[in-house]
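Observations on chain architecture
One letter stands for each residue in the lines below.
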Amino acid sequence: MAKRIYGIFDDEEILMKAIPVLRSQGVVCREVQSPFPIHGIDPIIGTPRTRLSITSFMYGILGTSLALLMVWYMMIYDWPINIGGKPNFMLYLNLPAFIPVTFEMTVFCAAHGMAITFLFRSKLLPGVTAPIPHPRVTDDKLVLHVDVNDETKMDQTVNSIKNAGATEVLLKSMQFS
Amino acid sequence: MDRKYELTKNNRLIPMIMMAIGLAAIVMGFLTDKSRTWASLLTNDFYFTAISLCGTFFVALQYVAQAGWAVGIKRIPEAMGGFLKFGVAGIILIFILGHHELYHWTHAELYDHSSPEFDAIMNGKRGFLNIPFFLVRLIGYFVIWVGFTYMLRKQSLLEDAEGGLVHYRKSVPLAAVFVVLFAITTSTGAWDILMSIDAHWFSTLFGWFMFAGLFVSGLSMICLIILYLKLKGYLEHVNNNHLHDMGKYMFAFCIFWTYLWFSQFMLIWYANLPEEVIYFQVRWENFRTLWVINLLVNFCAPFLILMSRDAKRRNSILWVSGIVILGGQWLNVYLMVIPGVVGEDWHLGFIELGTMVGFLGFFLWTTLQELSKASLVPKNHPMLTESLHHHI
């Protein structure tokens, strides 16, 4: 089990320069927490690309199917109603009338599913204590998450993070609640 | 940074051959089937005029939005505006010579109370749809579109030569005025040139629908020309990030086109009023296959091809989707013109496709000529650096 330690940085430019140096020394950088978005940091950290867009497609398909199932059950199977003389005994014959509903359900499911998945994966659901290793990451500090796989190399890793420009290295998360 | 596009031998020869094919198709058409030929001339001339107009609109849009990313590719939509004067002049010429075949409302007997052909509905629309006023409007479009294209291009070239911010500051109000006039004239232009073919029928969102088609086909053309120039070794400063933005634009406006297509269709389908439904009735009865293909090619294909991020950053996929969208939009214009003019006896053969090849040749010829006249990078544009460092 890898142990996670946290390097605290003051400046994003120092951090952006530090990460490639650390990675070339074999330090496993997992994540960066920052009070503001840093453009172009994802490829530097080397985290794999988010799969959130794939989930959005799947939630969208789910929404389309749910909507079609719903209108088929309501308007065709359970209680067909003659509206304006439109055919009401087959779904595909009356499909244009159901497109707006299907569209709305697709957007609804894709948007909500994606947002909920994001909050769930980031452990940010309501009532959960936010996983912030250092209180000032919400103010002016940047936190680099590093995984140490080999406990014997702990001191060496801490030193290299400090040499790369970190003002402080935390061996344990300073949770506050 | 000062590199110009150099016309190769093929750049002159191939458009010439294409124009010769087009001329052959038009001559053959006039000898065999007159109304089909007029319809195919209007289809193709309108289609390429719309693409060319989108070039100027794209340039103006970047000025109004103060967008920096597109500066590096700005010369391409600018060059596309070079075809505009020929295109609009062609529409005026086609109207003057072929209005009897193309536009039912120009027939004089419709307005003659003693004639059995008298048409009360057309008589009611006479204040708007009459030949002199129609010509005045067409000339108005010519003046507005070609005039603003010329002025924006002139400022851009002066900026290259002289530098400084003064030309940029002059271009922004020009572009703002053009965008407003463009919004009005594309709507009325769509009513005049395309909707008045089926003069009894009307649709309030026809102008926006036409605009969506114009924009998406113009964007695809810009994207394809960028890809062609990159293939030839030009535009080193244009990278995957710029192409990604073009891909996003194409993807978004395909959906916008479908949104408007469907809004127009569903309301008419649901209300089921005879005078409105007739428009889709004709297309459903006589053009069903093309009508369905139109929707598949313009919505489903680009939607599924261009959805993922990686697809928008890959040149081969952008080539394919650009060509698919351009073909689909051509079919869309075809389906707006042909049913009203030719009706049941329609064909999709050498006359239509040959004329299309001819107009494409003409369009490429003027565009490449314009491209070769100025440096491919607007070197003194104040936002050039932003475009060179564009990263998403």
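Just above, that's the structure.
First, a word on scope: everything that follows refers to the structure included in this document. Fair warning: this is a prediction, and the values are worked out from it, not measured in the lab. (Residues numbered from 1 in each chain as written. Chains lettered and ligands numbered in written order. Predicted model: local features only at pLDDT ≥ 70, side-chain atom pairs only at ≥ 80, totals over all residues.)

A few points about the overall build of chain B
A tally of regular secondary structure across chain B gives 15 helices and zero strands. The C-alpha atoms of chain B give 21 Å as radius of gyration, which agrees with the globular expectation for 392 residues (21 Å, within 12%). C-alpha extents for chain B along the principal axes are approximately 70 × 40 × 40 Å. A burial count over chain B gives 42% of its 392 residues as buried. Counted over contacts in chain B with a minimum sequence separation of 6, partners at least 24 positions apart contribute 83%. (Helix = DSSP H or I, 4+ residues; strand = E, 2+ residues; numbered from the N terminus. Rg over C-alpha atoms; globule rule 2.2 N^0.38 Å. Buried ≥ 20, exposed ≤ 12 C-beta atoms within 10 Å, placed from the backbone. Contact = placed C-beta atoms within 7 Å.)

Considering the sheet that holds strand 4 (residues 168-170) of chain A
Residues and elements named next belong to chain A. An order of 2-3-1-4 is seen for the four strands of this open sheet, with the pairing classed as antiparallel. Edge positions in the sheet fall to strand 2 (28-33) and strand 4, since each has one partner strand and no second. In this sheet, adjacent strand axes meet at a mean angle of 25° when their direction is disregarded. Judged from the three bridges that link them, strand 1 (residues 3-9) and strand 4 form a sheet pairing that is antiparallel. Considered in strand 4, the bridge of G7 is made with V169. Each of strand 1, strand 2 and strand 3 (142-148) touches helix 1 (residues 12-24); the most contacted strand, strand 2, lies at about 165° to it. Packing against the sheet, helix 5 (residues 154-163) makes contact with strand 1, strand 3 and strand 4, and its axis sits at approximately 155° to strand 3. (Pairing = 2+ DSSP bridges. Axes fitted to C-alpha atoms, helices over the stretch in contact; angles between N-to-C directions.)

A few points about the packing of helix 9 (residues 240-271) of chain B against helix 10 (residues 274-286) of chain B
Residue and element names in this part refer to chain B. It is at 9 Å that the axes of helix 9 and helix 10 come closest, and there the two elements cross at 120°. Relative to helix 10, the element helix 9 is oriented oblique. For the crossing formed where helix 9 meets helix 10, the hand is left-handed. Contacts between helix 9 and helix 10 involve F265, I268 and A271 on the former and, on the latter, E276, V277 and F280. Taken together, the residues of the contact of helix 9 with helix 10 sort by class into five nonpolar, no polar and one charged. (Parallel < 35°, antiparallel > 145°, perpendicular 65-115°, else oblique. Left-handed = near helix turned anticlockwise from the far one by under 90°. Nonpolar A, V, L, I, M, F, W, Y, C, P; charged D, E, K, R; others polar.)

None of this, on its own, says anything about what the molecule does.
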